[in-house]
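# Notes for the structure review
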Amino acid sequence: QVHLQESGPGLLKPSETLSLTCAVSGGSIDTTYWWTWVRQPPGKGLEWIGEIFHAGNTNYRPSLRSRVVISLDKSKSQISLTVISVTAADTAVYYCARVRLEKSAKVFDHWGQGILVTVSS
Amino acid sequence: DVQMTQSPSSVSASIGDRVTVTCRASQVIADYLNWYQQKPGKAPKLLIYSVSNLESGVPSRFSGSRSGTDFTLTISSLQPEDFATYYCQQSYYTPGGGFTFGPGTRVDIK
């Protein structure tokens, strides 16, 4: 059974860079899956951030594209999320998830437990 | 990009009730619609994918359907463990939009 675990700093100051990693166990990340990041501001709904394929292809939410990078480290079985120039609006629980293809449809079938990142001066 | 709306935003129901949640897409998304369940403090859990396909391990009291750009999640007989927030998600990827979740429907105890 695949397991995902997010890690990283929980508190940042405005203008700093958010860096999170998602460790994948119980399965290889170098397979025919996409891997994605989703965030959820406190008390609010889910917001898709972006995704990466094992071959390195990426897609990002248009409103975040200029500040976000998602990358893979296959040797460590990790997916990383970097968000530059954070503001209070980036305060959220950040989830990584595995993306399975069902014919041509993408479904987020396994999720990490999430990590709360707070941006505050 | 595709916008998703959900109704109602919340519903109070009793054990054994039939509960229906509706999700509407702003444009045609074919069958690219998934449903997730989220309990407080927990990650979302995939329930149904591609409109009506039950994820492995999900009870058969959950079902999904589609009429045009309207999608429905039905819980046939509400159980105590079903009290949660339910999100629809369109996976009709477009370069200008990506994937979108609905705002969520909270199901709580009457």
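Above: the structure in question.
First things first, this report covers the structure right here in the doc. (Residues numbered from 1 in each chain as written. Chains lettered and ligands numbered in written order. Predicted model: local features only at pLDDT ≥ 70, side-chain atom pairs only at ≥ 80, totals over all residues. Heavy atoms only, no water.)

## Observations concerning the pattern of salt bridges
Cut-off, in case you're wondering: A carboxyl oxygen of Asp or Glu within 4 Å of a side-chain nitrogen of Lys or Arg is what we treat as a salt bridge. Comment: elements are numbered from the N terminus, with helices defined as DSSP H or I runs of at least four residues and strands as E runs of at least two. Any residue under 20% of the maximum accessible area for its type is buried, any over 50% is exposed, and the rest in between are partly exposed; the area is computed with a 1.4 Å probe on protein chains only.
What the rule picks out here adds up to 15 salt bridges over all chains. Arg98(A) serves as the salt-bridge partner of Asp109(A), at 2.7 Å between the closest nitrogen and oxygen. In this pair, Asp109(A) is assigned in strand S10 (residues 105-111) and Arg98(A) in strand S9 (residues 92-102), connecting sequence segments 11 residues apart. Residues Asp109(A) and Arg98(A) agree in their burial class; the two are buried. One salt bridge connects Arg66(B) with Asp31(B), and the closest N-O pair in it is separated by 2.7 Å. Of this pair, Arg66(B) sits in strand S7 (residues 62-67) while Asp31(B) sits in the loop between strand S3 (19-25) and strand S4 (33-38), placing them 35 residues apart in sequence. The partly exposed category is assigned to Asp31(B), whose relative accessible area is 38%.

## Overview of the sheet that holds strand S8 (residues 70-75) of chain B
Residue and element names in this part refer to chain B. Put simply, the rule reads: At least two bridges found by DSSP between two strands are what make those strands a pair. Note on geometry: axes are lines fitted to C-alpha atoms, helical ones only across the stretch in contact, with angles between N-to-C directions running from 0 to 180 degrees.
One open sheet holds the four strands; their spatial order is S1-S3-S8-S7, and the pairing between them is antiparallel. If you trace the sheet from one side to the other, it starts and ends with strand S1 (4-7) and S7, each paired once. Here the strands of the sheet are splayed against their neighbours by 20° on average, with no regard to which way each runs. In the sheet, S1 pairs with S3 via four bridges, with the strands oriented antiparallel. Following the sheet pairing, methionine 4 is matched in S3 by alanine 25.

## Observations regarding the nonpolar core
This is how it is decided: For our purposes a nonpolar core is just a set of buried Ala, Val, Leu, Ile, Met, Phe, Trp, Tyr and Cys residues, chained together by side-chain atoms within 4.5 Å. We call two residues contacting when some pair of their heavy atoms lies within 4.5 Å.
By size, the foremost hydrophobic cluster in this structure holds 26 residues, and its most contacted members are Leu18(A), Trp37(A), Ile79(A), Leu81(A) and Tyr94(A). At the level of secondary structure, the elements contributing two or more residues to this core comprise strand S3 (18-25), strand S4 (34-40), strand S5 (47-53), strand S7 (68-73), strand S8 (78-83), S9 and strand S11 (115-119) of chain A. Excluding its chain neighbours within four sequence positions, the residues that come into contact with Leu81(A) are Leu18(A), Ser19(A), Leu20(A), Trp37(A), Ile49(A), Val68(A), Val69(A), Ile70(A) and Tyr94(A). Within the second largest apolar cluster, 24 residues are counted, among which are Ile29(B), Ile48(B), Phe62(B) and Cys88(B).

## Examining the pairing of S3(A)
All names here are of chain A. The side-chain alternation of S3 yields one buried face, formed by Leu18, Leu20, Cys22 and Val24, and one unburied face, formed by Ser19, Thr21, Ala23 and Ser25. Alignment of strand S1 (residues 3-7) against S3, held across five bridges, turns out to be antiparallel. Directly across from glutamine 5, in S3, lies its bridge partner alanine 23. Relative to S8, S3 runs antiparallel, the two sharing six bridges. The residue of S8 that forms the bridge with leucine 20 is leucine 81.

## What to know about the state of the cysteines
Here is the rule we go by: Note on terminology: pairs of cysteine sulfur atoms within 2.5 Å are recorded as disulfides.
If you walk through the whole model with that rule in mind, you get two disulfides over all chains. What pairs with Cys22(A) in a disulfide is Cys96(A), and their sulfur atoms sit 2.0 Å apart. One disulfide, between Cys22(A) and Cys96(A), carries an S-S torsion of 65° and so falls in the right-handed class. Remark: Cys96(A) occurs in strand S9 and Cys22(A) occurs in strand S3; sequence separation between them is 74 residues. Pair check on accessibility: Cys22(A) and Cys96(A) agree, each one buried. Note on cysteine connectivity: Cys23(B) is disulfide-linked to Cys88(B), with sulfurs 2.0 Å apart. Since a negative S-S torsion denotes a left-handed disulfide, the Cys23(B)-Cys88(B) link at about 65° is right-handed. Linking Cys23(B) in strand S3 with Cys88(B) in strand S9 (residues 84-90), this pair joins segments that are 65 residues apart in sequence.

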